[in-house]
Every structure is written in structure tokens, then in C-alpha cells.
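Structural overview for review
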Amino acid sequence: MSAPPYFLTDGEASELAPELERRVVAEEVATVYATLRGAVFAGVTLAAVVGIFFFVHLGRTSALVWFAIFAAGKLRYPRIGAYFADPDPGRRSVYWSRSVTRELYVTSLIWGLAPWMLLPDGDLPLAALLSVMLLTLASGGMLAVAPVRGAIYAHAVPMTAGLATALAWRGTGTELLLAGCCLLYLVVTLGFALRQHSLI
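Summarised in this report is the structure supplied together with it. (Residues numbered from 1 in each chain as written. Predicted model: local features only at pLDDT ≥ 70, side-chain atom pairs only at ≥ 80, totals over all residues. Heavy atoms only, no water.)

1. What to know about the pattern of salt bridges
Which entries qualify depends on this criterion: The working definition used for a salt bridge is a side-chain nitrogen of Lys or Arg within 4 Å of a carboxyl oxygen of Asp or Glu. Runs of E in the DSSP output that reach at least two residues are strands. Runs of H or I that reach at least four are helices, and both are numbered from the N terminus. Three labels apply to residues, based on accessible area from a 1.4 Å probe with only protein chains included: buried if under 20% of the type maximum, exposed if over 50%, partly exposed otherwise in between.
Under the defined criterion, the tally for this structure stands at four salt bridges. Ionic pairing is found between E103 and R76, a salt bridge with its closest N-O pair at 2.8 Å. A residue pair is termed long-range when its members are at least 10 positions apart, and E103 in helix α5 (residues 93-118) and R76 in the loop between α3 (61-74) and α4 (77-81) qualify at 27 residues. You can call E103 buried: its relative accessible area is 7%. When salt bridges with common partners are traced through the structure, they connect R76, R102 and E103 into a single cluster.

Shown next, in the form of C-alpha cells:
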């Protein structure tokens, strides 16, 4: 039977450190993947609602193009879905961490395209509606991705930056204010998620 950590010599403790660190990283990655399937389903559903709404309400074919891009991005799901078939994912935690971070970045980037492709000029109510949806999406997923530091940035930054730049590009006073609020919201949300990460 192995001795408790507080009975180990410095040399024995240092030998256990890499194994302990590996287990911690494995648990962090497993926590992110535990919510992955539900998150993918919810994301596809929301994307379909957004695409259909903007197509029906405005008749913009760009809404269908955007949803096609989103759907094409989901064809990459097997890359991360393979995690669940891995007999010992904890042994490849770094690989799976990088994989999910990369896929979150791609998905967030596609959401960041939505304001550029869907919003008409001068329609403030629609701009506000899409802003609320994207900011809710960004903040709502923070707790799920907080265990992996890189995933925090990959999930939130591209979509929020895309929203803020699209609003700023339109250049009206109200939309510039919305863009600034989006960036402020991003900073606050990132700070909260990073504090959560430090507690895990």
C-alpha cells in the first residue's frame, strides 16, 4: 500500500507530480467533453432557428448560406466525437484538449460571421436581438468550457469580436454603443470564466 502524500520524501513526491498533473488535466478535459453532445445539439438547433428566422423575416439568401457554412462546420464533429471511442482518453488529454479547443474556435468563428451575413443596415431591433442571442450563447457556454483555459478564449472571443466589428462597421451612434458594450461584456465574461478556471 502506498504512503499518503504527506509521508513521502521530496524525491518520491516529485516522481508522483507528473502523474498527478496528468490526472488533473484528464479530469478537466473530461468535464468539457461531458457536455459536448448536448452543446452541439443545442448549437445546431439555435443556428437553424436563426437561419430560418432571418430568411423568412427578411428573405435574405445569405441566411441560408450562413446556415450551410454552420452545417459544414459540424461535419467536423467526428474529429472530437472520437474522444468517446477512445479506450483511455486520459492518456491523450493534451491531444483531446487541443482538438476541442480548435473545434470551438471554428464554431465560434462561424457564429461571428452571422452579424456580417445576416444583419441589414439600419435595423436596430434586429441588431439588438442578434446581439442578445450571441452574447447569451457566449456567456452560457463559459461554465462548460472553463476547465480548459484555451477553450475559454476559443469559445467566446471570435463570435463576440465578429458581432462587435459588424456593429461598428455600420457606424451609427447606437450601433457603435452596442459594439462597445459587446466588447465590455466580453472582458467581464472572460474575467469570470478565468476565475472559475483557477478554482477548478
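2. Comments concerning the nonpolar core
To keep it simple, the criterion reads: Put simply, buried Ala, Val, Leu, Ile, Met, Phe, Trp, Tyr and Cys residues joined by side-chain atoms within 4.5 Å make one nonpolar core. Any two residues having at least one pair of non-hydrogen atoms within 4.5 Å are treated as being in contact.
Membership of the largest hydrophobic core comes to 24 residues, with the highest contact counts inside it found for V50, F54, W66, W111, L118, L119 and L167. Of all elements in the fold, only α2 (36-58), α3, α5, α6 (124-140), α8 (149-170) and α9 (173-199) reach the threshold of two or more residues within this core. If you tally residues by element for this core, the top one is α6, at six residues. Setting aside its immediate chain neighbours within four residues, L119 contacts F54, R60, A114, L126, A127, L130, L167 and R170. Residues Y83, V145, I152 and A156 belong to the second largest nonpolar core, which totals 20 residues.

3. A closer look at a nonpolar patch on the surface
To be explicit about the condition: Patches in this entry comprise residues that are over 30% relatively accessible and not in a salt bridge; like charges within 9 Å are linked, as are nonpolar side chains (Val, Leu, Ile, Met, Phe, Trp, Tyr) within 5 Å. Throughout, the Shrake-Rupley method with a 1.4 Å probe supplies accessible areas, and for residues the shown protein chains are the sole cover considered.
A cluster of nonpolar side chains, namely I52, F55, V56 and L64, defines an oily patch on the protein surface of about 380 Å² accessible area. Structurally, F55 is set in helix α2.

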